[in-house]
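Structural features, examined
Chain residues, written in single-letter form:
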Amino acid sequence: MAKALVLGGNGFLGSGLVDELVARGHDVTVFDRFSRMPPAFAEGPRTIAGDFLDAEAVSRAVDGHELVFHFLSATTPASADGDPARDVRDNIAPSISLFESCVHAGVERLYFASTGGAIYGDTTGAVTEEMRPAPVSPYAIGKLAIEGYLAYFERKHGLASTSFRISNPYGPRQRPHDSHGVIPTFLSRAAAGEQLSIYGDGTATRDFVYADDAVRMIVDVVGRQPAHPVYNIGSGVGTTIAQVLDIVREVTGHTPPVEYLPEPPTFVHRSVLDTSRYEREFGAATLVGLREGIERTWRARAVGA
């Protein structure tokens, strides 16, 4: 078992990752601002409260760890689109400092939460990792840049790394006011009887993956020697936003009003991932279906999870 540091371990995916790593016996430390209290993860890991922009604090946190999980983002797709320079300042530059700290500390491997939902741009069928990325949004451009710097640090300094291009994760711990996730937003607004906003005509297609499933897929890679630097993490199933809306109506029993807005210039109309590279190497994952996942998310919301 390894000594692992999770940056962003109190966030949506990060907290689930922490729980899974602890459950599998790893010695886990969480670095986060902890603006969300109480902690989203279960008891067990050590915690370090700090700011990702504080390079010295990050360096101190990295020291003594064998594995580092970079699951922290200072921006969302919406905020990065509104201020691209901030994404460079608050995500790309601090990530480079993190990688330098990992080299100095002798970290064995770094795992990075990239994006599969936007990094390939507009596509037709399910996309493989061999497809050339064509990001059109600042958020996705930043993720690809960080992947590029990881390749540089591996080539120049020997810092081994694995990037996970995660599709559209959803689940009980995702907060609707984070402006990052159509499913929690739909559920929250449906419960409140508020109007839902949909870009386009509802035919935009996404690959939704239940967060716990994505986390298990990721942790299954830990301790192994991946053959590739990048893996798609998703369900491999495309679902339109209109279909998601139908499920939300059925699950909640609410029929909220809907407004249809023009698709923004950086909006990706279709994104579905091919996960065959992952499956060939690590085996096929057992995944929660979309309706069941939305039902679980709705029930967890009802009990305040």
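Use the structure listed above.
Owing to the predicted nature of the structure, the values given are computational and were not obtained by experimental measurement. The residue count restarts for each chain, going from 1 along the sequence in the order it is written. The predicted origin of the model limits local features to residues at a pLDDT of at least 70 and limits the giving and counting of side-chain atom pairs to 80 or more, whereas totals for whole chains, interfaces and linings rest on all residues. Where side-chain values are given, they derive from all heavy atoms of the structure, hydrogens and water being excluded.

Another aspect to go through is helix α6 (residues 182-192). Here's how the labels work: a residue is buried when its accessible area is under 20% of the maximum for its type, exposed when over 50%, partly exposed in between, all with a 1.4 Å probe on protein chains only. The secondary structure listing takes helices from DSSP runs of H or I that are at least 4 residues long and strands from runs of E that are at least 2 residues long, numbered from the N terminus. Along α6, the positions that sit buried rather than exposed are Ile 183, Pro 184, Thr 185, Phe 186, Leu 187 and Ala 190. Residue Gly 193 follows α6 closely and has a positive phi angle near 70°.

Its location among the elements puts Ser 235 in the loop between β11 (230-233) and β12 (239-240). Assessed through its relative accessible area of 21%, Ser 235 is described here as partly exposed. Expressed as a C-alpha distance, the spacing of Ser 235 and Thr 286, which sit 51 residues apart in the sequence, is 9.6 Å. Filtering out sequence-adjacent residues up to four positions away, Ser 235 remains in contact with Ser 167, Asp 207, Phe 208, Val 209 and Leu 287. Definition of a polar contact: a pair of N or O atoms within 3.5 Å, with one able to donate and the other able to accept a hydrogen when the atoms are protein atoms, and with sequence-neighbouring residues admitted only if both atoms are side-chain atoms. Of note is the side chain of Ser 235, whose polar atom sits 3.2 Å from the backbone oxygen of Phe 208. In this structure the side chain of Ser 235 is engaged in a polar contact, spanning 3.1 Å, whose partner is the backbone nitrogen of Val 237. A contact between two residues is defined here by any heavy atoms of the two lying within 4.5 Å.

Pairs of strands are assigned from DSSP output, requiring at least two bridges between the strands. Taken together, 3 strands build an open sheet; the order of strands is β12-β9-β14 and the sheet is mixed. The open sheet terminates on both sides in strands that have one partner only, identified here as β12 and β14 (270-271). As paired strands, strand β9 (residues 205-206) and β14 are joined by 2 bridges and run parallel to one another. Each residue of the ladder has a partner; that of Thr 205, found in β14, is Arg 270.

A word on empty space enclosed by the protein. Lining residues are defined by having an atom within 4 Å of a point belonging to a cavity or pocket. Those points lie on a 1 Å grid over the protein atoms alone, cavities being sets where a 1.4 Å probe fits but cannot get out and pockets being open sets with protein on both sides within 12 Å along at least five of seven lines. Grid points are joined across faces, edges and corners, and a volume is the space filled by probe spheres set on the points. On inspection of all chains with the given rule, the structure shows 1 cavity of 30 Å³ or more. Its boundaries defined by the atoms lining it, the largest cavity holds a volume of some 60 Å³. Secondary structure elements with two or more residues in the lining of the largest cavity: α4 (84-105) and α5 (138-157). Here the nonpolar group is Ala, Val, Leu, Ile, Met, Phe, Trp, Tyr, Cys and Pro; Asp, Glu, Lys and Arg are the charged ones; every other residue, Gly included, is treated as polar. Residues belonging to the lining of the largest cavity are distributed by class as follows: 4 nonpolar, 5 polar and 2 charged.

When the charged atoms of two side chains lie near each other, side chains of opposite charge can form a pair. Counted as salt bridges are all cases of a side-chain nitrogen of Lys or Arg within 4 Å of a carboxyl oxygen of Asp or Glu. Under the criterion given, the structure shown has 14 salt bridges. Note that Arg 277 is salt-bridged to Glu 130, the shortest N-O span being 2.8 Å. Placement of the pair is Arg 277 in helix α9 (residues 276-282) and Glu 130 in the loop between β5 (109-115) and α5, with a sequence separation of 147 residues. According to the relative accessible area criterion, Arg 277 is buried, its value standing at 10%. A salt bridge links Arg 165 to Glu 147; the shortest N-O distance between them is 2.6 Å. Residue Arg 165 is located in strand β6 (residues 160-166), and its partner Glu 147 is located in helix α5; the two are separated by 18 residues in the primary sequence. A relative accessible area of 10% places Glu 147 in the buried class. The network of salt bridges with shared partners includes Glu 20, Arg 24 and Asp 220.

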